[in-house]
Amino acid sequence: MSVFSVRRLLAPLVAGALACAAALLPLATAAPAAADGTGDLSLAGATTVGIHNTYDPSAYPYLADALDNGASLIELDTWVDIVTNEWKVSHSNPLGNDNNCVTATDASGLYSGGANKDLGDCLDDIRLWMGAHPGHGPIMIKLELKEGFDQTAGMGPAALDALVKQHLGSMVYTPGDLLAKPGGGSYPDLDTAAKAGNWPTRSALSGKVLLEAIPGTVEQGNPFDHLWTDVEYADYLRDLNASGNVSQAEIFPSVLNAATGDPRTRYTDTTIRPWFVVFDGDAATYVNGIDTSWYDTNHYLLIMTDAQNVTPTLDDTAPSVADAQARVAQLAADHASFVSCDWQGLTTVLPEVLPRG
């Protein structure tokens, strides 16, 4: 019987006693940020491993399982439901939740109860898990807004920020945190802050999460949608900073898809370019002729997806441990900040933290 099964059997015995639950939960394979000496690495100076579509019940029975297995990046596909005013979490159903999130009130409830909850419950699951693992390193929460925001229905960037704040509270490392200078004052934009190396160490980010938002597949395929998630959130973030309210922002907008040079030049509005310091795209494209050292030199976060498709290709879900470790090391050398894959069962690979570059 696996350690995760044992924990689920014990959970009813410790319901309502968070301290006991916290004592049991560290049996998971995930390691604290500084346990192996990597805690002194800057967030932008490390390479970690994440799981694609973490919320999918076929990947994990419960969202907390992905965190137990060591994933440093988890992905939640989100839809706006203007009828129920709910942020749904599902891969392909815009009208219903289809996921492994539960309604838990303490850490002992993360492995039981009905699933298919909304984004708020998924964030609660993450908060409760992180609270039971106070020494755990930072986790990136990747939000794919499948059909984008709907500001006309009151479900725009500000509403999403409010939801994140409600469910994750002070656990979030925000754009405003990156802007803040250690000695007081602030940088004028995220680009300047990143280039100055203002990212904290992984140890300083223990117990913290970051969120990135990318345009969704439905949004990108909609010929009538001319304001994608990346631009809409960057507009909002720039304006918050200009009005002195950048502390309200909870999310880093991400430049989606690998491209040569500075991919921010795609944005015709030059005023939003300095508000992108997170980049997300296909690993095979990044390592096939793109100078990824540019991201590392400027201390930008670089998420490389579909790690298995880099030549020579690996099995999508179950490569050998040795091959998976070699691929993570290869992409770390190629300046990835997060290596994204579908290797759910490789519990010795997912917790890896390597120096970047």
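Within any chain, residue numbers begin from 1 and follow the written order of that chain's sequence. With pLDDT at 70 or above as the cut-off, local features in this predicted model cover only qualifying residues; side-chain atom pairs require 80 or more to be listed or tallied, and sums for whole chains, interfaces and linings still use all residues. Hydrogen atoms and water are omitted, and side-chain values are computed over all heavy atoms in the structure.

For the rest of this paragraph, the subject is the packing of aromatic side chains. Between rings of Phe, Tyr and Trp, where Trp is taken as its six-membered ring, a pair exists when centres lie within 6.5 Å; planes separated by under 30 degrees are stacked, by over 60 edge-to-face, and by other angles tilted. With the rule as written, the count across this model stands at 12 aromatic pairs. Judged by centre distance (6.4 Å) and plane angle (75 degrees), the ring pair of Tyr62 and Tyr111 falls under edge-to-face. Of the two residues, Tyr62 sits in the loop between strand E1 (46–51) and helix H3 (63–68) while Tyr111 sits in the loop between strand E3 (86–89) and helix H4 (119–132), which places them 49 residues apart along the sequence. When sorted by exposure, Tyr62 lands in the same class as Tyr111, which is buried. Between Phe279 and Tyr295 the ring centres are 5.0 Å apart and the planes differ by 70 degrees, which places this aromatic pair in the edge-to-face class. Placement of Phe279 in strand E7 (residues 278–282) and of Tyr295 in helix H11 (residues 293–297) is noted, with a sequence separation of 16 residues between them. Whether a residue is buried, partly exposed or exposed follows from its accessible area with a 1.4 Å probe, protein chains only, as a fraction of its type maximum: under 20%, in between, or over 50%, in that order. A residue is classified by how much of its surface remains accessible, and Tyr295, at 1% relative accessible area, is buried. Every member of this aromatic cluster is reached through a ring pair, and the members are Phe279, Tyr286, Trp294, Tyr295 and Tyr300. Note that Lys181 overlies the ring of Tyr187, its terminal NZ or CZ placed 5.0 Å from the centroid. Note on conventions: DSSP H or I runs of at least 4 residues are helices, E runs of at least 2 residues are strands, and numbering of each starts at the N terminus. Placement of a charge over a ring requires the Lys NZ or Arg CZ to be within 6 Å of the ring centre, with the centre-to-atom vector within 35 degrees of the ring normal.

Before going further, it helps to examine the environment of Ala324. Inspection of the secondary structure assignment puts Ala324 in helix H12 (residues 321–333). A C-alpha to C-alpha distance of 8.4 Å links Ala324 and Trp343, two positions 19 residues apart in sequence. Sequence-distant contacts of Ala324, defined by excluding residues within four places in its chain, comprise Leu314, Pro319, Trp343, Leu346 and Val349. The contact rule is simple, with two residues in contact once any of their heavy atoms fall within 4.5 Å.

On to the confidence of the model for the protein chain. The predicted model of the protein chain has a mean per-residue pLDDT of 91, with 90% of residues at 70 or higher. Confidence per residue, as judged by the predictor, is encoded in pLDDT with a range of 0 to 100. Low pLDDT, under 50, characterises residues 1–31; the predicted model gives this stretch 50 contacts beyond four residues in sequence or across chains.

Any cysteine sulfur atom paired with another within 2.5 Å is treated as part of a disulfide. With the rule as written, the count across this model stands at one disulfide. Disulfide pairing places Cys101 opposite Cys122 at an S-S distance of 2.0 Å. Looking down the S-S bond of the Cys101 and Cys122 bridge, the torsion is 105 degrees, so its handedness is right-handed. Highlighted residues: Cys101 in the loop between E3 and H4 and Cys122 in helix H4, separated in sequence by 21 residues. There is no split in this pair, since Cys101 and Cys122 are both buried.

Let us look at the pattern of salt bridges. Each salt bridge in this description consists of a side-chain nitrogen of Lys or Arg and a carboxyl oxygen of Asp or Glu lying within 4 Å of one another. The final tally for this structure, using the stated rule, is 13 salt bridges. Between Asp262 and Arg264 there is a salt bridge, with its nearest N and O atoms 3.0 Å apart. What makes Asp262 partly exposed here is its relative accessible area of 25%. One network of salt bridges, in which partners are shared, links Asp191, Lys195, Asp262 and Arg264.

Burial of strand E2 (residues 73–81) is extensive: nine of the nine residues sit out of reach of the surface. Covered by surrounding structure in E2 are Leu73, Glu75, Asp77, Trp79 and Asp81 together with Ile74, Leu76, Thr78 and Val80, the residues of both alternating faces. Bridge analysis of E1 against E2 gives two bridges, and the strand direction is parallel. Across the sheet, the residue bridging to Ile51 is Ile74, located in E2. With six bridges joining them, E2 and strand E4 (residues 139–145) adopt parallel strand pairing. Note on E4: the bridge partner recorded for Asp77 is Glu144. Both E2 and E3 contribute to a ladder of four bridges, which runs antiparallel. At least two DSSP bridges between two strands are required for those strands to pair.

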